Amino acid sequence: MDVTISKLPFYCVIIPLIASFCMPVLARWKKEFCAPLATLATAAVFVITLVIGYQVMNNGPLAYHVSGWEPPWGIEILVESLSSLMIMLISGVCLVIMVYSFVAVKFELERIITGWYYTAFLLCLSGMTGLVISNDIFNMYVLIEITGISACALVVAKGSRMATEAALKYLLLATIGSGFILFGIGFIYMITGHLNISFIAIELAEVKDTYPILIWTTLSFFVVGFGVKAALFPLHLWLPDAHSSAPSPSSALLSSLVVKVYIISFLKILFIAFGLEIFHETFIRHLIIVLAVIAMLSGSFFAFVQIELKRRLAYSTVAQIGYIFLGIGLGTPWGLAAGMLHILVHAFMKTCLFLCAGAIAYQTGRKQVNEFAGMGYKMPITMGAFTIASFSMVGIPLFGGFISKYGLALGSLEAGIPSIILVIILSGLLNATYYFPIIGQAYFSQDEHEAHGEEHGAKKFQKDQLPISMLAPIVVIALGIIYLGIFPGTALNFINQTIAMLL
Amino acid sequence: METLQGIVDNYYYMVAIILFVIGMYTMLTHSNMIKKVIAMNIMDASVFLMFVAVGYAHGSQAPIIRDNVEIIYANPLPGALILTGIVVAVSVTAYALSLVVKIYRYYDTCDYDEICEMRSKE
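Nothing here was measured: the structure is a model prediction, and the numbers come from that model. (Residues numbered from 1 in each chain as written. Chains lettered and ligands numbered in written order. Predicted model: local features only at pLDDT ≥ 70, side-chain atom pairs only at ≥ 80, totals over all residues. Heavy atoms only, no water.)

Q: What should I look at first to understand the overall build of chain B in this one?
A: A count of helical and extended segments in chain B gives five helices and zero strands. The N-to-C order of helical and strand elements in chain B reads α-α-α-α-α. When its C-alpha atoms are laid out on the principal axes, chain B stretches across 75 × 35 × 10 Å. Taken across its 122 residues, chain B has 34% of its residues classed as buried. The long-range fraction of contacts in chain B, counting pairs at least 24 apart against all pairs at least 6 apart in sequence, stands at 53%. When the accessible surface of chain B is split by element, carbon and sulfur atoms take 66% of a total near 7,500 Å². (Helix = DSSP H or I, 4+ residues; strand = E, 2+ residues; numbered from the N terminus. Buried < 20%, exposed > 50% of the residue type's maximum accessible area, 1.4 Å probe, protein only. Contact = heavy atoms within 4.5 Å. Areas by Shrake-Rupley, 256 points an atom, 1.4 Å probe, with all protein chains shown as cover.)

Right, dumping it as C-alpha cells:
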C-alpha cells in the first residue's frame, strides 16, 4: 500500500494537536486569526477523513504503526470501516460547530478566553479522532484523558459559577471513570500481557477458561468506567449540569460527540478484545439491555419536567445514549447497526437542537421552554431546523431517527426480545411529549409582549436576525438529518462492513 | 488455605484494591472539595500500584542487563506506561485544584454542602 495513504490517520490526530498548541500564542499576538486557523485545521482533518473513508471503502482497513514499531510492541492505528465513518462524522460535525462558534463565541464568552476556547476545542477533536482509530488500549486511556480534560475546559470556558461547579463535578466523576478503565486495562495486561486489541483478542480466546473470575471483574470495571464516561443511566449524574451550563457550541460538541466516542471504544474492547463468546457467556448483555431500557424511559421522564431548554436537551441525551447501548446489548447484526447509526443520527439531531437553542438565545435571549410563543414566525429558519430535529428525535418517517429506531426494533426481534419494541415506542412517545409542546407554542400561539399594538392575529413571517455563519451550520445539519432519513444506505454500508467482521 | 496463601503472596494487589475503595469512598462522600481532589489522587495511586505490581515477579531485579548472570528481570513496560499515567494524574490534579480555587472565589468556601445551602437561600 502507498506509504503516504497509510500515514493519513496519523495526520488527523496530529494536525489538530499542533494547531491547538498554536492557539494560545496566536491569541496573544493576533486574536482575530484564531478562529480562521482553527477552522482551517478542522477542515483539513475533514478532507483527510474523507480520503480515508474512500480508501477504506475500496481497499479495506488502513493500518499504521506509530514510528515504525511493529504491533505487539508499538502503538498501532487501525481504521476499519466503522472507525472511518466515525472520524468523518467527528470532523464533519466539529467543522460545522466551528463555523457556528465564529459569532457564538464572541457573544457567549469573554474576549480573553477565545484563544483558549479554540485550544480546548482542537484538543478535544484530536483526542476524539485518536480514540476512535487507536488499536492500543493504553493509548486509548491517554486519549480518553485528553478528551475528558478538554471537554471539561469547554464547559468551564463560560466562566459562570454554574459552569465552574459543573466542570468540577464532571472532572471528578470522569476521573473515577478513567480510574476504572485503567484498572481494567491493568487486569487485561495481567491476563494477556498485551496492550494491542487484536493480540489481546487472540490471547484471551485461549486463556478465558483459566481466569473466569478475573475476566468478569475486568468486564465489570470496563462497564462502570465507560458507563460513567458515556453517561449510561444511573451513572449520568454529571451530564445534565455540564451540558446545560456550557456555552451552546460546546454543549453541541459534548452532547453529540464526546459521549459517543467512549461508546465506540467500549464497543471495540467488548467485541474485538473480549470477543463474542465472552459477550454471550457472561451476563454483560443482559445488564446493558436493562440499563439501556431504564435510561431510555427515565431520561425522557426527567427531560419532561425540565423548564430550561438546554437542560431538557441534556436529559434527552441521557435517553438517547440508552438507545445506543440497547443496540450494543442486543448484539445482533440489525441491533448493532442501528445502535451505530443512532450515534450518527443523534450527533446530527443534538447538534442541530443545541445550535438552535444557542441561536434563539442569541436573537431573543429566551432560554425557557415556555417562552417560545410565536417563535416560529420570528425565526422561521431556526425553528424549521428545530422542528426537523425534533421530528427525527420522535422517530417520524423520512427523518433519520426513524431508521435507527426501526433498526433497533428489527434487532430486538432478531434477539428474541420483542417486548423491547414496546419500550422503543413508549420512549418515542415520551420524546414527543417534551418536544411537541415547544413546536406547538412556536407556531400556533401569539407572543403576548408583542401582540399589543399590532392588529389582532397578525402572524407574519420575519427573517431570522442571525449572521450567516450561525444560520448556515444549522441548515446544513438539518439537511443532513433528512438525508440520513431518506438515504441511510451509504452510512449503513460502512457500519455493516465492520459488523460483518465483528459478528 | 491455598486461596489465603495466594492473597498473602500477592498482598500488593490487595493493597491496591483497598486504596482504590478508600479513594472512591472519600471522593463520593466527603463534601470538602480539596479532600475530594486528595481522594482522587489516592485512587489514581492505587491504580498505578496495581499496574506496576503486574510487572513484578518474585525475586526479580531491575531490568539492567548484566553479563553472565542468570537473574529474573522485572517487566519494565508497566513502569514506563505508568509514568504517562502519573503525568496525567498530576495535570488532572492541577486542573481540579484550579477549579476549586475558582469556586472558592465565588463562594468563599470549598465545602460542597455549604455551597448548596447558599444556593438554596438565593
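Q: Is there a simple way to think about the overall build of chain A in this case?
A: Of the regular secondary structure elements, chain A holds 20 helices and two strands. At a minimum sequence separation of 6, the contacts of chain A that also span at least 24 residues come to 80%. Summing over all exposed atoms, chain A offers an accessible surface of approximately 17,700 Å²; the carbon and sulfur share of this is 70%. Averaged over its 25 positive side-chain charges, chain A has a centre that lies 10 Å from the centre of its 25 negative ones. (Lys, Arg positive; Asp, Glu negative; His and termini not counted. Charge placed at Lys NZ, Arg CZ, Asp CG, Glu CD.)

Q: In this structure, what is going on with helix 5 (residues 137-156) of chain A? I would like to understand it.
A: Side chains three or four residues apart in an α-helix point the same way, a direct result of the helix having 3.6 residues per turn. Taking 1.5 Å as the rise per residue, helix 5 of chain A with 20 residues should run 28 Å; its terminal C-alpha atoms sit 29 Å apart, in good agreement. Two or three places before A:Phe138, at the opening of helix 5 of chain A, A:Asp136 has a side-chain oxygen 3.1 Å from that residue's backbone nitrogen. (Expected span 1.5 Å × (residues − 1). Polar contact = N/O pair within 3.5 Å; in protein donor to acceptor, adjacent residues only side chain to side chain.)

Q: I tried to follow the interface of chain A and chain B on my own but got confused; where do I start?
A: Interfaces are often described in size by the accessible area the parts lose on coming together. Taken together, the 32 residues of chain A in the interface contact 36 residues of chain B. Counting the surface lost from both chain A and chain B, the interface buries some 3,100 Å², and carbon and sulfur atoms represent 81% of this. Among the residues of chain A in contact with chain B, A:Arg161, A:Phe183 and A:Tyr189 are the three that bury the most area, contributing 21% of the side total. Between the two partners, chain A and chain B, sit one salt bridge. A salt bridge links B:Arg119 to A:Glu165; the shortest N-O distance between them is 2.1 Å. Across the contact surface, chain A and chain B share five residue pairs in polar contact (both at pLDDT 80 or more). Looking at the side of chain A that touches chain B, the elements with two or more residues in it are helix 5 and helix 6 (161-192) of chain A. No other element matches the 20 residues that helix 6 of chain A contributes to the side of chain A that touches chain B. Residues that form the side of chain A that touches chain B fall into these classes: 23 nonpolar, six polar and three charged. (Buried area = accessible area lost by both parts, 1.4 Å probe. Salt bridge = Lys/Arg side-chain N within 4 Å of Asp/Glu carboxyl O. Nonpolar A, V, L, I, M, F, W, Y, C, P; charged D, E, K, R; others polar.)

Q: Quick question: what am I supposed to make of the confidence of the model for chain B here?
A: Caution applies to low-pLDDT regions: their predicted coordinates should not be interpreted in detail. Per-residue confidence for chain B averages 86 on the pLDDT scale, and 100% of its residues sit at or above 70. As scored by the predictor, the complex reaches a pTM of 0.91 and an ipTM of 0.92. (pLDDT = per-residue confidence, 0-100.)

Q: Could you clarify how one ought to interpret the confidence of the model for chain A in this entry?
A: Model confidence for chain A is summarised by a mean pLDDT of 86, while 96% of its residues fall at 70 or above. Confidence, read as mean pLDDT per element, is least for helix 18 (residues 448-451) of chain A in chain A (58) and greatest for helix 5 of chain A (90).

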